Amino acid sequence: ERGEGDTKFEKQSSLFAMATADTLLVNIWCHDIGRENASGKPLLKTIFQVILKIFNPKKTTLLFVIRDKTSKTPMDALVRDMRTDLQSIWQSVTKPSKHARASFDDFFTLEFTSLPHYEYAHDQFIEEANALYGRFADPNRR
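Everything numeric here is computed off the predicted structure, so don't read it as measured data. (Residues numbered from 1 in each chain as written. Predicted model: local features only at pLDDT ≥ 70, side-chain atom pairs only at ≥ 80, totals over all residues. Heavy atoms only, no water.)

### Details of the nonpolar core
Phase 1 of the analysis: Among the nonpolar cores identified, the biggest contains 27 residues, and Phe 48, Leu 62, Phe 64, Trp 90 and Phe 104 are the most heavily contacted of them.
Phase 2 of the analysis: Listed by contribution, the elements that provide at least two residues to this core are β1 (23–29), α2 (41–54), β2 (60–67), α3 (75–92), α4 (104–107) and β3 (108–114).
Phase 3 of the analysis: Core analysis: the next-biggest nonpolar cluster, separate from the first, contains 5 residues, Leu 63, Leu 115, Phe 125 and Leu 132 among them. (Core = buried A, V, L, I, M, F, W, Y, C linked by side-chain atoms within 4.5 Å. Buried < 20%, exposed > 50% of the residue type's maximum accessible area, 1.4 Å probe, protein only. Helix = DSSP H or I, 4+ residues; strand = E, 2+ residues; numbered from the N terminus.)

Take a look at the structure:
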């Protein structure tokens, strides 16, 4: 089990990433979507609250990388569940008065991708992980 110190570091590094990045990759295990703690909901809520309170937020892309996806659950169902969870988190966040009427979409662009299971579909995993890497390694990409 992770201790309080691990959670504090996770929050601090996440906030640093949000403050400095145009795109933030959020790594989530397919089976954790919809779960409270395992899916990172408390961390996302903390990030949203602090970003609104401390920073002058810029629009950031949140790219959710859904790991170990199988053909059993369609991607559109996973995306729908993730969007629902994110809207719920956003609505529960206490916003400062200057952002009281702000919508989630005012601050974040959502993107979703998935990777197959590393062990059960290794070759496909490598191919898709390399394609994901290419999205960020290409100097002509904007």
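Alright, that's what it looks like, and here's the rest.
### Considering the environment of Glu 128
Phase 1 of the analysis: Structurally, the position occupied by Glu 128 is in helix α5 (residues 122–137).
Phase 2 of the analysis: Since its relative accessible area comes to 26%, Glu 128 is described here as partly exposed.
Phase 3 of the analysis: Once the C-alpha coordinates of Glu 128 and Pro 116 are considered, the two residues, 12 residues apart in sequence, prove to be 8.1 Å apart.
Phase 4 of the analysis: Leaving out residues up to four positions away in the same chain, Glu 128 has contacts with Ser 114, Leu 115 and Pro 116. (Contact = heavy atoms within 4.5 Å.)

### Comments concerning the sheet that holds β1
Phase 1 of the analysis: Ordered by their spatial adjacency, 3 strands build an open sheet running β1-β2-β3, and the pairing between neighbours is parallel. Each of the sheet's edge strands pairs with one partner strand only, and the pair in question is β1 and β3. Adjacent strand axes in the sheet meet at a mean angle of 20°, parallel and antiparallel pairs treated alike.
Phase 2 of the analysis: Here β2 runs beside β3; their pairing, made up of 7 bridges, is parallel. When the sheet's bridge partners are listed, Val 65 is paired in β3 with Thr 113.
Phase 3 of the analysis: The sheet contacts of α3 involve β1, β2 and β3, and relative to β3 the element is tilted by about 150°.
Phase 4 of the analysis: Contacting β1, β2 and β3, α5 runs over the sheet at an angle of about 170° to β2. (Pairing = 2+ DSSP bridges. Axes fitted to C-alpha atoms, helices over the stretch in contact; angles between N-to-C directions.)

Note that all results are geometric; they support no functional claim without further evidence.
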